[in-house]
Amino acid sequence: MDSIDLIREFLQDRLGIGEDKIVPETPLAALGVDSLLVLEMMFAFEDHFGIKLSKNLKTPQTIGQMVSLMDRLRREQLR
Amino acid sequence: MERRRVAITGMGLVSPFGGNLADFFQRLLQGESAVRQLRLEDPPRPLALPFVSCPGFTAEATLGKPLAGITDRFAQLGLAAAFAAWEEAGLSRQSDRENREDWGVSWGTALGGTIVYERAYQDFWLRARDRISPLSVIIGMNNATNAHLSIQLGLGGISTTATVACASSAIAIGEAFRRIRRGETPLILTGGSEAPQAYGVLRAWEALRVLADGDETRAATACRPFSRDRDGLVLGEGGAALVLEDWEHALARGARIQGEVIGYGTSSDHFHLVRPEVSGQVRALRAALADARLEPEDIDYINAHGTATLEGDPVEIEALRQVFGDRAQGLAVSGTKSMHGHPLGAAGAIEAIVSVLALREQALPPTAHLVDIDPDCVGVDHLTSARRQAPLRTALSNSFAFGGSNAVLVFRAAAG
């Protein structure tokens, strides 16, 4: 599963947001994703890809930033 | 000190019979029991017991996805009941018209987020997961319901939850009543909610040996308050809410007044953690009557605490006999937990609604399955079937909790 797919599935499941609304430029806040839901989303990411995230990571503000962060962490794990 | 009148302008319910108040009350009048057998298959052994569920309620359908996903069942039941009460009161979710900075929430729950915590323990110890949901704290915390209501409705006043076992929501309502009566605030959303059906919680109650027996064939009649053959209480889930409002404030905005809260009395038994004590209940009853400025003969109906425990029922009836004296023989009493079960922290609020509906409809629900009255429980007019009698002016609702906390609320019909 790609990072963007995981994000789409999570937001559909938790907020009922359609796929078409989840594009890289969209601010997370505009979708109703507050800091608590970002936490849950990162938790789901950790579970799915078996990657433990550092507490000190900068919180992403947009879908695109979230995807970039997730992709980077997955690449680092593969090294 | 000035005593302002306190109106009830909205009521909402998530009950085993659904959320329609008229239908719920009609079914109580008919003596219909919502008790069914609940079976849980968790390790170490399956558990089967009489229980009252709200099967028609799904959080996602009622509250929508964001809210449903960040709340435990107890808060979901509470939010649904509260939104229904709010709507009945003619209030919108968010408003620019009123200043709500001093409107409050006063909620009650005995156990809070049982299900999220149990899921967390199962994750750790059964599924060997290393971590739990990061939202576990805010989903499970006892004050989740009042927090969400405050946010969703833009309420800036008191935001609190009382946790006092079976008296939680009675105390929440009573404390809200006092604040409005002394002019602190014009409106408080109050009530209670509970979802005790986590396996560990039910096993704990089973171990206390206060639950009624009953298999599939007998579950419906498992809760038999005041009966000679009663054998314990039946737990349940549920949510109930009332909008309490300053009388003048309600009239000014054209709200329909459903009833009135006129008195609240509390006491502590200071006796035993589980066993109730007559003198403590007597003090709470007398305090409520005095607070309402009523005499015993002014009360037309008692909605009893009536949990059907062996110890509790006779103590309550003795307390009523002592307070009401000669009047006790003709005092109409019913234990409606026989039908809606005992939803712990939500019980006071559900029974408050039953009392207000009785006054509004001028009809009294019975104690269901009451055929052979325990000789230790005689001395009052036990309602074994519904009764329509006019005029019904006042009702009194008892909540007597583990730990000895007692709360009694007094209501008056709106036309009064």
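Look up: the structure comes first, before these words.
Conventions we followed
- Residues numbered from 1 in each chain as written.
- Chains lettered and ligands numbered in written order.
- Predicted model: local features only at pLDDT ≥ 70, side-chain atom pairs only at ≥ 80, totals over all residues.
- Heavy atoms only, no water.
- Helix = DSSP H or I, 4+ residues; strand = E, 2+ residues; numbered from the N terminus.
- Rg over C-alpha atoms; globule rule 2.2 N^0.38 Å.
- Buried < 20%, exposed > 50% of the residue type's maximum accessible area, 1.4 Å probe, protein only.
- Contact = heavy atoms within 4.5 Å.
- Areas by Shrake-Rupley, 256 points an atom, 1.4 Å probe, with all protein chains shown as cover.
- Lys, Arg positive; Asp, Glu negative; His and termini not counted.
- Charge placed at Lys NZ, Arg CZ, Asp CG, Glu CD.
- Expected span 1.5 Å × (residues − 1).
- Buried area = accessible area lost by both parts, 1.4 Å probe.
- Salt bridge = Lys/Arg side-chain N within 4 Å of Asp/Glu carboxyl O.
- Nonpolar A, V, L, I, M, F, W, Y, C, P; charged D, E, K, R; others polar.
- Polar contact = N/O pair within 3.5 Å; in protein donor to acceptor, adjacent residues only side chain to side chain.
- Pairing = 2+ DSSP bridges.
- Axes fitted to C-alpha atoms, helices over the stretch in contact; angles between N-to-C directions.

### With respect to the overall build of chain A
When helices and strands are counted, chain A shows three helices and zero strands. Ordered by position from N to C terminus, the α and β elements of chain A give α-α-α. In terms of C-alpha radius of gyration, chain A reaches 12 Å, essentially the compact-globule figure of 12 Å for 79 residues. Its C-alpha atoms give chain A principal-axis dimensions of roughly 35 × 25 × 20 Å. Within the span of chain A, comprising 79 residues, buried residues form 43% of the whole. In chain A, 62% of the contacts between residues at least 6 apart in sequence involve partners at least 24 apart. Of the roughly 4700 Å² of accessible surface on chain A, 51% is carried by carbon and sulfur atoms. For chain A, the separation between the mean place of its 10 positive charges and that of its 13 negative charges on side chains is 8 Å.

### Description of the overall build of chain B
From N to C terminus, chain B includes 14 helices and 15 strands. Along the three orthogonal principal directions, the C-alpha set of chain B runs to about 65 × 55 × 40 Å. Within the span of chain B, comprising 416 residues, buried residues form 60% of the whole. Contacts in chain B between residues at least 24 apart in sequence constitute 78% of all its contacts with a sequence separation of at least 6. Surface exposure of chain B reaches about 15500 Å², of which carbon and sulfur atoms provide 50%.

### Details of the environment of Ala81(B)
Residue and element names in this part refer to chain B. Looking at the secondary structure, you find Ala81 in helix α4 (residues 73-88). Here Ala81 falls in the buried class, since its relative accessible area comes to 0%. In sequence terms Ala81 and Glu311 are 230 residues apart; their C-alpha atoms lie 32 Å from each other. Apart from the residues within four sequence positions on either side, Ala81 is in contact with Gly12, Leu13, Val14, Gly239, Ala240 and Ala241.

### Section: helix α12 (residues 312-324) of chain B
Residues and elements named next belong to chain B. Taking 1.5 Å as the rise per residue, α12 with 13 residues should run 18 Å; its terminal C-alpha atoms sit 18 Å apart, in good agreement. Among the 13 residues in α12, ten count as buried, and that is most of the element. Those residues of α12 lying buried are Gly312, Asp313, Pro314, Val315, Glu316, Ile317, Ala319, Leu320, Val323 and Phe324. Its buried side turned inward, α12 meets α11 (278-292), β9 (301-303), β10 (332-334), β12 (381-382) and β14 (394-400). Immediately beyond the C-terminal end of α12, within one or two residues, lies Gly325, with a positive phi of roughly 50°.

### Topic: the environment of Leu409(B)
All names here are of chain B. Within the secondary structure, Leu409 is located in strand β15 (residues 405-413). In this structure Leu409 comes out as buried when scored by relative accessible area, which is 1%. On a C-alpha basis, the gap between Leu409 and Ala292 in space is 9.1 Å, while along the polypeptide they are 117 residues apart. Apart from the residues within four sequence positions on either side, Leu409 is in contact with Ala170, Ile173, Gly174, Gly263, Tyr264, Ala395, Leu396 and Ser397.

### Things to note about the interface of chain A and chain B
One frequent convention defines the size of an interface as the accessible area lost when the parts assemble. If you look at the interface, chain A gives twelve residues, while chain B gives eleven residues. The contact between chain A and chain B buries some 1000 Å² in all, and 56% of this surface belongs to carbon and sulfur atoms. A salt bridge links Asp47(A) to Arg129(B), with the shortest nitrogen-to-oxygen separation between them at 2.1 Å. Mapped onto the side of chain A that touches chain B, the elements with two or more residues apiece are α1 (3-15) and α2 (35-49) of chain A. Ranked by residues supplied to the side of chain A that touches chain B, first place goes to α2(A) with six residues. Class assignment for the residues of the side of chain A that touches chain B results in four nonpolar, two polar and six charged.

### Let's talk about the side chain of Ser338(B)
Residue and element names in this part refer to chain B. Topologically, Ser338 is positioned in helix α13 (residues 337-340). Side-chain polar atoms of Ser338 contact the backbone nitrogen of Ala368, separated by 3.0 Å. Contacts of Ser338, omitting those with residues within four sequence positions, involve Ser33, Val35, Cys223, Pro225, Pro366, Thr367, Ala368 and His369.

### Points about the pattern of salt bridges
Overall, the coordinates contain 34 salt bridges over all chains when judged by the stated rule. As a salt-bridge pair, Glu98(B) and Arg100(B) come within 2.9 Å of each other at their nearest N and O atoms. Taking the shortest distance from any N to any O, the salt bridge between Arg387(B) and Asp381(B) comes out at 2.8 Å. With relative accessibility at 26%, the residue Arg387(B) sits in the partly exposed group. Shared partners join several salt bridges into a network, and the residues in it are Asp47(A), Asp123(B), Arg127(B) and Arg129(B).

### A short note on helix α3 (residues 63-78) of chain A
A rise of 1.5 Å per residue sets the reference length of α3(A), with its 16 residues, at 22 Å; its end C-alpha atoms lie 23 Å apart and thus fit the reference within 8%. At its buried positions, α3(A) is contacted by α1 and α2 of chain A.

### So, the sheet that holds strand β6 (residues 187-194) of chain B
Residue and element names in this part refer to chain B. Here eleven strands make up an open sheet; going across it, the order is β5-β4-β6-β7-β1-β8-β15-β14-β9-β10-β12 and the pairing mixed. Edge positions in the open sheet fall to β5 (159-162) and β12, since each of these has one partner strand only. As judged from the nine bridges shared by strand β8 (residues 259-268) and β15, these two strands associate in the antiparallel manner. Within the sheet, the bridge partner assigned to Gly265 lies in β15 and is Val408. Its contacts with the sheet put α4 on β1 (6-14), β4 (104-108), β6 and β7 (238-246), and the angle it makes with β1 is roughly 135°.

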